[in-house]
Amino acid sequence: MAIGAMIHTFAVQLADVDRGVYDELALRVARHPSETDAYMLTRVLAYCLEFEEGIAFSEGISNTDEPAVLVRDATGTITAWIEVGAPDAARLHHGSKLAQRTLVYTHRDPAKIMAPWAGKKIHRSAELVLHSFDPGFIEAAVPALERRNTMTVSITERQLYLELNGATSSSEIHEHRIP
């Protein structure tokens with residue numbers, strides 16, 4: 001954990017109808033001082049939306065060798081490299097060479113995230129998936145964040161329903177591919 005990191009806890013009720021995943025999660029999230037609330041919430045949602053056996057938060061911003069979230073199989077092999085925010089093409093290239101799946105979750109404008117990737121070398125770029133939310137969705141949820149959070153995440157037909165400390169909102173989960 002980074003020096004000066006603030007710990008946030010999330011008691012999550014997860015119901016992903018699309019994937020048939022239903023679970024209760026108790027997450028401890030170390031928020032680096034340079035990490036925004038919007039980035040942290042996107043990171044938590046990426047974890048929930050990709051939840052499977054072997055998923056974990058990395059050491060975060062302080063560790064540049066790993067993505068925000070990753071999935072390892074029983075042998076320790078990285079099976080999913082999950083970036084958050086606006087990673088550069090070199091990071092995606094590196095991650096896609098190490099993992100079977102490479103994904104990005106962003107709270108920003110997806111067109112602006114993808115523009116710097118154009119013409120850059122990204123291993124298996126056709127398989128890379130960028131996920132985004134409706135404009136303003138993350139920003140509207142951020143004021144409800146506290147140090148201790150209760151959260152319900154429901155996904156059905158790529159629609160995300162979020163209840164965070166009593167505040168509710170919803171968004172479509174948009175999927176973008178590199179042209």
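Below you will find a few notes about this structure. (Residues numbered from 1 in each chain as written. Predicted model: local features only at pLDDT ≥ 70, side-chain atom pairs only at ≥ 80, totals over all residues. Heavy atoms only, no water.)

A few words on the sheet that holds strand 2 (residues 21-31). The sheet built from five strands is open, its strands ordered 2-1-8-9-10 with mixed pairing. The open sheet terminates on both sides in strands that have one partner only, identified here as strand 2 and strand 10 (167-172). Each adjacent strand pair in this sheet contributes to an overall mean axis angle of 20°, direction not counted. Across the face of the sheet, helix 1 (residues 37-49) comes into contact with strand 1 (6-16), strand 2, strand 8 (148-156) and strand 9 (159-164) while running at roughly 150° to strand 2. (Pairing = 2+ DSSP bridges. Helix = DSSP H or I, 4+ residues; strand = E, 2+ residues; numbered from the N terminus. Axes fitted to C-alpha atoms, helices over the stretch in contact; angles between N-to-C directions. Contact = heavy atoms within 4.5 Å.)

Quick look at the sheet that holds strand 3 (residues 55-57) now. Taken together, the six strands give an open sheet; going across it, the order is 3-4-5-6-7-11, and neighbouring strands pair in mixed fashion. What marks the edges here is a single partner per strand, and that holds for strand 3 and strand 11 (174-177). Ignoring which end each strand starts from, the neighbouring axes of this sheet average 25° apart. Here four bridges tie strand 4 (residues 69-72) to strand 5 (residues 78-84), and the two strands are oriented antiparallel to one another. Note that in strand 5 the partner of V69 across the bridge is I82.

Next up on the list: the pairing of strand 6 (residues 101-106). The element strand 6 is largely enclosed, with a buried count of five among its six residues. For the handedness criterion, the β-α-β arrangement of strand 5, helix 2 (residues 89-98) and strand 6 is classed as right-handed. With four bridges connecting them, strand 6 and strand 7 (residues 129-132) associate as parallel partners. In the strand pairing of strand 7, L103 is matched with V129. (Buried < 20%, exposed > 50% of the residue type's maximum accessible area, 1.4 Å probe, protein only. Right-handed = clockwise from strand over helix to strand, strands pointing away.)

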